Structures are given as structure tokens and as C-alpha cells.
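Structure at a glance
Listed below are the residues making up each chain.
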Amino acid sequence: MGALAISSRQAVTVYEADGTVRWEHRHRDRQHSPGASGACTPDPAGRVLLATMAGPLGADGLSTGDICRALDLATGEVLAEHLLPSFSAAYAFQQFPDARTEVLLTASMGQDGTLCLLVTRTDSGLGVRATGTATEACVGVGPEGALVIQDIGGGYLTRTQDGAAEVITEAGDVLPDERVFVGCTPGFVDDKRILVVTAEEQWAEEGTHLLLDAHTLRPLAELDYPRTPGVTAVPLGDGTWLVREDETVQRWTTA
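Each value, and the rule that gives it
Residues numbered from 1 in each chain as written. Predicted model: local features only at pLDDT ≥ 70, side-chain atom pairs only at ≥ 80, totals over all residues. Heavy atoms only, no water. Pairing = 2+ DSSP bridges. Helix = DSSP H or I, 4+ residues; strand = E, 2+ residues; numbered from the N terminus. Axes fitted to C-alpha atoms, helices over the stretch in contact; angles between N-to-C directions. Phe/Tyr/Trp six-rings, centres within 6.5 Å; stacked < 30°, edge-to-face > 60°. Buried < 20%, exposed > 50% of the residue type's maximum accessible area, 1.4 Å probe, protein only. Lys NZ or Arg CZ within 6 Å of the ring centre and 35° of its normal. Patch = residues over 30% accessible without salt bridge, like charges linked within 9 Å, V, L, I, M, F, W, Y side chains within 5 Å. Areas by Shrake-Rupley, 256 points an atom, 1.4 Å probe, with all protein chains shown as cover. Salt bridge = Lys/Arg side-chain N within 4 Å of Asp/Glu carboxyl O. Lys, Arg positive; Asp, Glu negative; His and termini not counted. Charge placed at Lys NZ, Arg CZ, Asp CG, Glu CD. Core = buried A, V, L, I, M, F, W, Y, C linked by side-chain atoms within 4.5 Å.

1. Here we look at the sheet that holds strand β18 (residues 208–213)
The strands making up a sheet associate through backbone hydrogen bonding, with each pair oriented either parallel or antiparallel. Across the sheet, which stays open at both edges, the four strands sit in the order β16-β17-β18-β19 with antiparallel pairing between neighbours. Each having just a single partner strand, β16 (180–188) and β19 (219–222) make up the two edges of the open sheet. In this sheet, adjacent strand axes meet at a mean angle of 25° when their direction is disregarded. Pairing analysis gives six bridges linking strand β17 (residues 193–199) to β18, with the strands arranged antiparallel. From the neighbouring strand, V196 faces β18, where its bridge partner is L210.

2. Looking at the packing of aromatic side chains
Applying the stated criterion across every chain, the model contains one aromatic pair. Seen from their ring centres, Y225 and W252 are 5.0 Å apart, and the 85° between their planes marks the pair as edge-to-face. Within this pair, whereas Y225 is found in the loop between β19 and β20 (233–235), its partner W252 is found in strand β22 (residues 248–253), the two being separated by 27 residues in sequence. Here Y225 falls in the buried class, since its relative accessible area comes to 11%. Classification of W252 as partly exposed rests on a relative accessible area of 24%. The lysine or arginine in question, R100, covers the ring of F96, its NZ or CZ lying 5.4 Å from the ring centre.

3. Topic: a negative patch on the surface
On the surface, a cluster of negative charge is contributed by D177, E178, E200 and E201. Summarising the element assignment, D177 is placed in the loop between α1 (171–174) and β16. The class of D177 is exposed, set by a relative accessible area of 70%.

4. Observations concerning the nonpolar core
Grouped together as the largest cluster of nonpolar side chains are 18 residues, with contacts concentrated most on L50, Y91, F93, L105, V119 and L126. Elements with a contribution of two residues or more to this core: β5 (48–53), β6 (67–72), β8 (90–95), β9 (102–108) and β10 (114–122).

5. Structural notes on the pattern of salt bridges
In this structure the tally under the stated criterion is nine salt bridges. A salt bridge links E102 to R129; its shortest N-O distance comes to 2.9 Å. Of this pair, E102 sits in strand β9 while R129 is found in strand β11 (residues 125–131), placing the two residues 27 residues apart along the sequence. Notably, a salt bridge pairs R193 with D190, separated by 2.7 Å at the nearest N-O pair. Summarising the burial analysis for this pair, R193 and D190 share the class buried. Overlapping salt bridges, with partners in common, bring together R100, E102, R129 and D162 in one network.

6. Topic: the sheet that holds strand β12 (residues 136–141)
On the basis of which strands lie adjacent, the open sheet formed by four strands has the order β12-β13-β14-β15 and antiparallel pairing. At either margin of the open sheet sits one strand with a lone partner, and together these are β12 and β15 (167–170). Along the sheet, successive strands turn relative to each other by an average axial angle of 20°, direction set aside. Direction of pairing for β12 relative to strand β13 (residues 147–151): antiparallel, over a ladder of five bridges. When the sheet's bridge partners are listed, G140 is paired in β13 with V148.

Geometric descriptors of this kind do not, in isolation, establish any biological role.
Take a look at the structure:
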């Protein structure tokens, strides 16, 4: 309890609350992939640490793919591992806000796109299944397994959920001319609203923040800040979201 897990290029380390090392799990460094990075998160049950890292090399000396391992949170013992369909990627985990057994793993591979995977710890090992496509970044998780998917180019949003019809909203249908979805962090403010950022181009430094209906993806309101906001907005699912301004992080909520 109260521990901190950190994924670095060569190891996954769990620290106690007093700063001492509980355990360290060493793994192969991706020496020739400077843009690659691992990630780690506890599973929803809180008993294992899910961690991504460089996988084994084949007979030709090339990577056969990155791996996801389930490590015992108390001891660091390897309980299971799964060879991922991605390699030399930058990874990120996201937890669903309700008691689901799956966690979302995104694997950004640069020009090769972003793979979106649902990872589950089972009695027999690790289950990994794909969601989204390689040309989309699935970055928002909501209640009951809902996902909001943003096209890498910002041209559209998709809401998908098992057992429900897929909803797609084109930027041109809900935004002013020439504006696209940016920021790569759309997400659920709560179970009724999604927060997105828009701008005239993907590399803009300032953006417009919008609240969308969490089921229809139709605009509800434009958010007003004391200063023009940037393109970083991270919804937390509890009715609040984070915005970064220079070196300061602010937490916002609607009145």
C-alpha cells in the first residue's frame, strides 16, 4: 500500500512510501529506439503490476515484439507475460472508472500508427485483444467500457462500447471551418460529458475546449477560461479536468 511504480528504459521499480526500493525488475534496453518507452499500472484487483517492456530478440538479432508482463506487486515475481503486436512503441495505460477487469493500453509507433489494446489478467495468464485501428488513437475511457477514439489527424471522433451502436462525429459537422480535434487527450469528464480540444492545426499551441454529449458526441458548450488555453486538457472522470499553463497544472470543474 502507498507504493510508487516507475517504468524506465531498463527496469520497472516499485518504491515504498518512505522511498526505499521494494523490488526492481530489470529488462532489455531498447538502445536503438530513443522514442520508445514502457508503462506500468496495477491491475484493477490491485494484486499485480502490468508492465510493458522490450521483448526478446530473434535469431536475426531483430526484435520479435515488445511484451507485457504481470508482476507480483509484493515481490516482483513474473506471473505471466504476453507478446504484443507492437514493437519499439511508446506505451500508456488507462484504467476504466468502474470495476472492470480490463485496462486500456495504447502503443504509439510513430508513422506506423497507434495500436489500442485491452489487457486482462486471468488465472491462466494475460489476455490481450485489439480495439480501434492502427490509424486511430483510443485515448478516452468511460463507464461500462465506453471508449472515445480520436483520429490521429483530428478529422473525427468515434464512441464505441460493447453492445451499443458505434457513434462517429466528423470534425466538419460540429466544428467551424478548417478546425480539427487536437491535443490527443479527449476523455470523459463524467458519464454524461466528454471534453475535447480543437484548433486550426494539429501543432497549434492554443485551442478551444468543448464539452460534448458523452453518448451522441454533439456539442454542449464551449469552456471559457480567464486566458486562452493550450491544447492540453486531461479529464479525470469525476467532473473535473486538468489544464497545463506554462509550468502550472490547474484543476477545473464547471459551475
